[in-house]
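Architecture and fold: a report
The residues making up each chain are set out below.
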Amino acid sequence: QVQLVESGGGLVQAGKSLRLSCAASGIIFSINAMGWYRQAPGKQRELVARITSGGTTNYADSVKGRFTISRDNAKNTVSLQMNTLKPEDTAVYYCNADQVSTLMGTREVWGQGTLVIVSS
């Protein structure tokens, strides 16, 4: 069974930085894309950043220039460096792995979420 475990959330003041990490565990042959989504109270879940196995990245307009996503394909990990945080970045952040190839076939996997609170 493949699982994603996130870490690094917490409470931080506006303008400061946080780094989120996510590690995939289980018998994994390959992962196409890994990314981070977030869901603020009363809002829909939205894409924050995504990176393919080849290193192609895409970001939400609201985080471009402030957040950086990186990935270690050999370790099946993905990280999100968040700088110059704003109160509107407050949300539960979810790690996502797309097209995860396992013994049971290919599937999408979500982490349990980690809370980020940015105080003004």
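Before any of the text, the structure's been laid out above.
Computed from a predicted model, the values in this text were never measured in an experiment.

Definitions and limits used
Residues numbered from 1 in each chain as written. Predicted model: local features only at pLDDT ≥ 70, side-chain atom pairs only at ≥ 80, totals over all residues. Heavy atoms only, no water. Helix = DSSP H or I, 4+ residues; strand = E, 2+ residues; numbered from the N terminus. Rg over C-alpha atoms; globule rule 2.2 N^0.38 Å. Contact = heavy atoms within 4.5 Å. Areas by Shrake-Rupley, 256 points an atom, 1.4 Å probe, with all protein chains shown as cover. Lys, Arg positive; Asp, Glu negative; His and termini not counted. Charge placed at Lys NZ, Arg CZ, Asp CG, Glu CD. Disulfide = S-S within 2.5 Å. Buried < 20%, exposed > 50% of the residue type's maximum accessible area, 1.4 Å probe, protein only. 1 Å grid on protein atoms, 1.4 Å probe; cavity = no way out; pocket = protein on both sides within 12 Å on 5 of 7 lines; lining within 4 Å. Points joined across faces, edges and corners; volume = space filled by probe spheres on them. Nonpolar A, V, L, I, M, F, W, Y, C, P; charged D, E, K, R; others polar. Core = buried A, V, L, I, M, F, W, Y, C linked by side-chain atoms within 4.5 Å. Salt bridge = Lys/Arg side-chain N within 4 Å of Asp/Glu carboxyl O.

**Some details on the overall build of the protein**
Of the regular secondary structure elements, the protein holds zero helices and eleven strands. Each helix and strand of the protein, placed in order from N terminus to C terminus, yields the pattern β-β-β-β-β-β-β-β-β-β-β. Here the protein has a C-alpha radius of gyration of 14 Å; the compact-globule value for 120 residues is 14 Å, and the two agree. Projecting the C-alpha coordinates of the protein onto the three principal axes gives extents of approximately 45 × 25 × 20 Å. By sequence separation, contacts in the protein at least 24 residues apart represent 56% of the contacts at least 6 residues apart. Accessible surface computed for the protein: about 6,300 Å², of which carbon and sulfur atoms make up 48%. Side chains of the protein give 12 positive and 8 negative charges; the mean places of these two sets differ by 3 Å.

**Considerations on the state of the cysteines**
According to the stated counting rule, one finds one disulfide in the structure shown. One disulfide bridge connects C22 with C95, the sulfur atoms lying 2.1 Å from each other. Looking down the S-S bond of the C22 and C95 bridge, the torsion is -85°, so its handedness is left-handed. Pair noted here: C22 is in strand β3 (residues 18-25) and C95 is in strand β9 (residues 91-102), with a separation of 73 residues, a long-range link. Across this residue pair, the class does not change: C22 and C95 are buried.

**Looking at the layout of surface pockets**
Taken as a whole, the largest pocket holds about 160 Å³ of empty space. Together, R38, Q39, A40, K43, Q44, E46, S62, E88, D89, T90 and A91 line the largest pocket. By residue class, the composition of the lining of the largest pocket is two nonpolar, four polar and five charged.

**As for the nonpolar core**
Of all hydrophobic cores here, the largest spans 31 residues; its most connected members are W36, L80, M82 and Y93. The leading source of residues in this core is β9, at five residues. Apart from the residues within four sequence positions on either side, M82 is in contact with K16, S17, L18, L20, R66, F67, Y93 and V116.

**Points about the pattern of salt bridges**
A full pass over the atoms with the stated rule returns five salt bridges. Among the ionic pairs, R38 bridges to E46, the shortest N-O distance being 2.8 Å. You can call R38 buried: its relative accessible area is 6%. Close ionic contact of D89 with R38 constitutes a salt bridge, the shortest N to O distance being 2.9 Å. Here D89, found in the loop between β8 (77-82) and β9, pairs with R38, found in strand β4 (residues 28-39); they are 51 residues apart in sequence, far enough to count as distant. Neither D89 nor R38 differs from the other in exposure class; each is buried. Within the structure, one salt-bridge network assembled from shared partners comprises R38, E46, R66 and D89.

Read these as geometric descriptors, not functional statements.
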